[in-house]
Amino acid sequence: MSGINDQGPYPIAKTRKEIVERTQTTRRLGSTQRVLCLLIALLSIVALALPIIYQARAQSFDDQITTNSSKLLKEGKQIFRFDTFGDEAFWGGALKLHQAIEGSKFGGVGPGVSPRTALSLGLKVDADAIKGLNINLDDPASTLALIKANAVLGVTGFFNPDGSLSSVGLQCSVCHSTADNSQAFGIGHRLDGWANRDLNAGKIIAAAPDLSSVATLFGITQDQVRAILNSWGPGKFDAELFLDGKAFNPQQVTDGVITGTNVSGATLIPNAFGLAGFNQHTWTGAWGTVTYWNAFVANLELHGVGRFFDPRLNNGSKFPVAASHGFADLPHIDPDSDPITKKLPALQFYQLAIPAPSPKAKMDFDSAAAKRGDKLFSGKAGCNNCHVEPLWTEPGWNLHKPEEIGIDSFQADRGPDNVYKTMNLNSLFIREEGLFMNPSNKGRFYHDGRFATLLDVVNHYNVHFNLGLTNREKFDLVEYLKSLPSTE
């Protein structure tokens, strides 16, 4: 009994110790298991949540893209239609163009410009902006009312408190928009991006009372400046004149034949639609794409207030006017005083968004002939070698030497690289038909309008490349050109 009493307690004590240890171990294991379970649960939640988070973030950035594109489109349209970039300091302040518009009766000079006269000069009126206005086509007062209502495309008036005109500024849309004549000729709904082939920009500028700043720039008289401006004619503008001072092409040559002498150096105003997807957007290269040209025109042509840099203009032998007046690097003004640079992104976005108008079969072209012309375009005529579908110009470096296209080098030599651009062929039917323009201004192809019709262009290439096209094939090719851009 004593043995039991002596030894009995020890096994009991040992068992309790084991129980305690086992209990503690179990608790530790349980705690660890709970932690592991919790971690697994958390990882499972994270695994499920991450795709949702990433998707939400992706959706959020997609929303930002959508919002940004809508914002740029809206702002770009406003800039294209109404922004003067501060150029009223030139057109009104220096040239005093507003005085010629208002006439002596309203504090200006001369007879003033009536709506009828303005329309004859190719200015267009937005029918949606004149509702409620009582317009007398023969009264300059009505012109002032139209300008005040922002109804004259591309023209902004600045008025004094008493209602008199203090200055006038111009926008992109003065050259690169027209009206659809829905109310009367020259009066209708806006067509942004359509070149205004009726606009006689030279004659309008020549009417400015004070051209002394331009005359001083070129070192000639104001009468000589007016003679140059009046030589341009409808639908043309000489963008290089302020760079090189070369007003006339001494000898226009096509296919080795002299086709004109002392031809105006002004070129046809290009369309500002269908510009997406290809390089170089001017007649001659390599000036640059629409981004470059917007900055160039806003600063050096519209004479707005901003920053511009192009060291190529320091070449005094090629660009004597630009080089001698520092146009290669305009003054480094404070960003807050620059109304141009900050608007270039939205302006570009809007212009690239303007689609090329599509022609209608049986109305604008012969479908059967166009189908045959399509095969010729990519086959016998070889047009697609340069005018690559569906850009209708080369993807990449779309420039060629004058001898490659069979004409003189005058306009090409006025550009940085002495080359011409492969013109994109979108919406040629507009020019061929003279859609929404004065019949006398229709046609006119190539940069200087030397070819009156599309058939003349086809005949030129038939000779230049010795294509051997029949009259029927030429007709079919013209009909195909009129069908672009195809909706197929």
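First, a word on scope: everything that follows refers to the structure included in this document. (Residues numbered from 1 in each chain as written. Predicted model: local features only at pLDDT ≥ 70, side-chain atom pairs only at ≥ 80, totals over all residues. Heavy atoms only, no water.)

## A word on the sheet that holds strand β11 (residues 284-285)
Thought 1: With antiparallel pairing, three strands are arranged side by side in an open sheet as β11-β13-β12. Strand pairing shows two members of the sheet lacking a second neighbour, β11 and β12 (399-400), which therefore form its edges.
Thought 2: Pairing of β11 with strand β13 (residues 419-421) involves two bridges; the strand directions are antiparallel. Note on β13: the bridge partner recorded for T284 is Y420. (Pairing = 2+ DSSP bridges. Helix = DSSP H or I, 4+ residues; strand = E, 2+ residues; numbered from the N terminus.)

## Things to note about the side chain of H447
Thought 1: Considering the arrangement of structural elements, one finds H447 in the loop between α18 (428-433) and α19 (454-464).
Thought 2: Accessibility expressed as a relative area gives 4% for H447, which makes it buried.
Thought 3: A polar contact is formed between the side chain of H447 and the side chain of D448, at a distance of 3.5 Å.
Thought 4: Setting aside anything within four residues of it in sequence, one finds H447 in contact with T267, L268, W283, I407, Q411 and Y420. (Buried < 20%, exposed > 50% of the residue type's maximum accessible area, 1.4 Å probe, protein only. Polar contact = N/O pair within 3.5 Å; in protein donor to acceptor, adjacent residues only side chain to side chain. Contact = heavy atoms within 4.5 Å.)

## As for empty space enclosed by the protein
Thought 1: For the coordinates displayed, the defined rule picks out four cavities of 30 Å³ or more.
Thought 2: By volume, the largest cavity is sized at about 140 Å³.
Thought 3: Forming the walls of the largest cavity are 13 residues, and the residues nearest its centre are P270, N271, F273, M423 and N424.
Thought 4: Its residues assigned to classes, the lining of the largest cavity comprises six nonpolar, five polar and two charged.
Thought 5: If you add up the space inside the second largest cavity, you get close to 110 Å³.
Thought 6: Forming the walls of the second largest cavity are 14 residues, and the residues nearest its centre are I205, V214, L229, W232 and F242.
Thought 7: Broken down by secondary-structure element, the contributors of at least two residues to the lining of the second largest cavity are α3 (88-94), α9 (212-218), α10 (222-230) and α11 (241-244).
Thought 8: The element that contributes the greatest number of residues to the lining of the second largest cavity is α10, accounting for three residues.
Thought 9: Its residues placed into classes, the lining of the second largest cavity shows 13 nonpolar, no polar and one charged. (1 Å grid on protein atoms, 1.4 Å probe; cavity = no way out; pocket = protein on both sides within 12 Å on 5 of 7 lines; lining within 4 Å. Points joined across faces, edges and corners; volume = space filled by probe spheres on them. Nonpolar A, V, L, I, M, F, W, Y, C, P; charged D, E, K, R; others polar.)

## Quick word on unusual backbone geometry
Thought 1: Between E389 and the following residue, P390, the backbone shows a cis peptide bond with an omega angle of 0°.
Thought 2: Relative to the assigned elements, P390 resides in the loop between α15 (367-378) and β12.
Thought 3: Between L484 and P485 the backbone carries a cis peptide bond, its omega angle lying at 0°.
Thought 4: For P485, the location among the structural elements is in the segment after α20 (471-482).
Thought 5: Phi is positive for F85, which is not a glycine, with a value near 60°.
Thought 6: Here F85 shows up in the loop between α2 (9-82) and α3.
Thought 7: Residues other than glycine seldom take positive phi values, yet D255 does so here, at roughly 55°.

## Re the packing of aromatic side chains
Thought 1: Taken as a whole and judged by the stated rule, the model has 21 aromatic pairs.
Thought 2: On the basis of an interplanar angle of 70° and a centroid distance of 5.1 Å, the ring pair of W232 and F237 is categorised as edge-to-face.
Thought 3: Residue classification places W232 among the buried positions, given a relative accessible area of 5%.
Thought 4: F237 sits in the buried class, given a relative accessible area of 19%.
Thought 5: Judged by centre distance (5.9 Å) and plane angle (25°), the ring pair of Y292 and F296 falls under stacked. Here the residue Y292 and the residue F296 both occupy positions in helix α12 (residues 290-301), the gap between them amounting to four residues, near one helical turn.
Thought 6: We classify Y292 as buried; its relative accessible area is 14%.
Thought 7: Positioned above the aromatic ring of F159, the side-chain terminus of K148 is 5.3 Å from the ring centre. (Phe/Tyr/Trp six-rings, centres within 6.5 Å; stacked < 30°, edge-to-face > 60°. Lys NZ or Arg CZ within 6 Å of the ring centre and 35° of its normal.)

## Some words on the pattern of salt bridges
Thought 1: Scanning the entire structure with this criterion turns up 17 salt bridges.
Thought 2: Here D210 ties to K96 by a salt bridge, and the two come within 3.6 Å at their closest N and O atoms. Of this pair, D210 sits in the loop between α8 (201-206) and α9 while K96 sits in the loop between α3 and α4 (97-102), and the two are 114 residues apart along the sequence.
Thought 3: The salt bridge partner of D126 is R190, with a shortest N-O separation of 3.2 Å. Of this pair, D126 sits in strand β1 (residues 125-126) while R190 is found in strand β6 (residues 190-192), placing the two residues 64 residues apart along the sequence.
Thought 4: In this structure, a network of salt bridges that share partners links the residues D238, D244 and R414. (Salt bridge = Lys/Arg side-chain N within 4 Å of Asp/Glu carboxyl O.)

## Topic: the packing of α19 against α20
Thought 1: Contact geometry of α19 with α20 gives a least axis separation of 10 Å together with a crossing angle of 125°. Taken together, the axes of α19 and α20 lie oblique to each other. With respect to the hand of their crossing, α19 and α20 are arranged in right-handed fashion. Taken together, the residues of α20 that come into contact with α19 (itself represented by L454, L455, V458, N459 and N462) are K474, L477, V478, L481 and K482.
Thought 2: Along the lines of polarity and charge, the residues of the contact of α19 with α20 split into six nonpolar, two polar and two charged. (Axes fitted to C-alpha atoms, helices over the stretch in contact; angles between N-to-C directions. Parallel < 35°, antiparallel > 145°, perpendicular 65-115°, else oblique. Left-handed = near helix turned anticlockwise from the far one by under 90°.)

## Comments concerning α12
Thought 1: For α12, a buried count of 10 out of 12 residues is recorded, marking the element as mostly surrounded by other parts of the structure.
Thought 2: Among the residues making up α12, those that are buried are V290, Y292, W293, N294, A295, F296, A298, N299, L300 and E301.
Thought 3: Taken together, the buried residues of α12 touch α3, β7 (236-237), α11 and α14 (344-353).

## Here we look at the environment of W232
Thought 1: Mapped onto the elements of the fold, W232 is located in the loop between α10 and β7.
Thought 2: Put simply, W232 and L268 are 36 residues apart on the chain and 9.4 Å apart in space, counted from C-alpha to C-alpha.
Thought 3: Those residues in contact with W232, other than ones at most four positions away along the chain, are A201, G202, I205, F237, D238, L241, S264 and A266.

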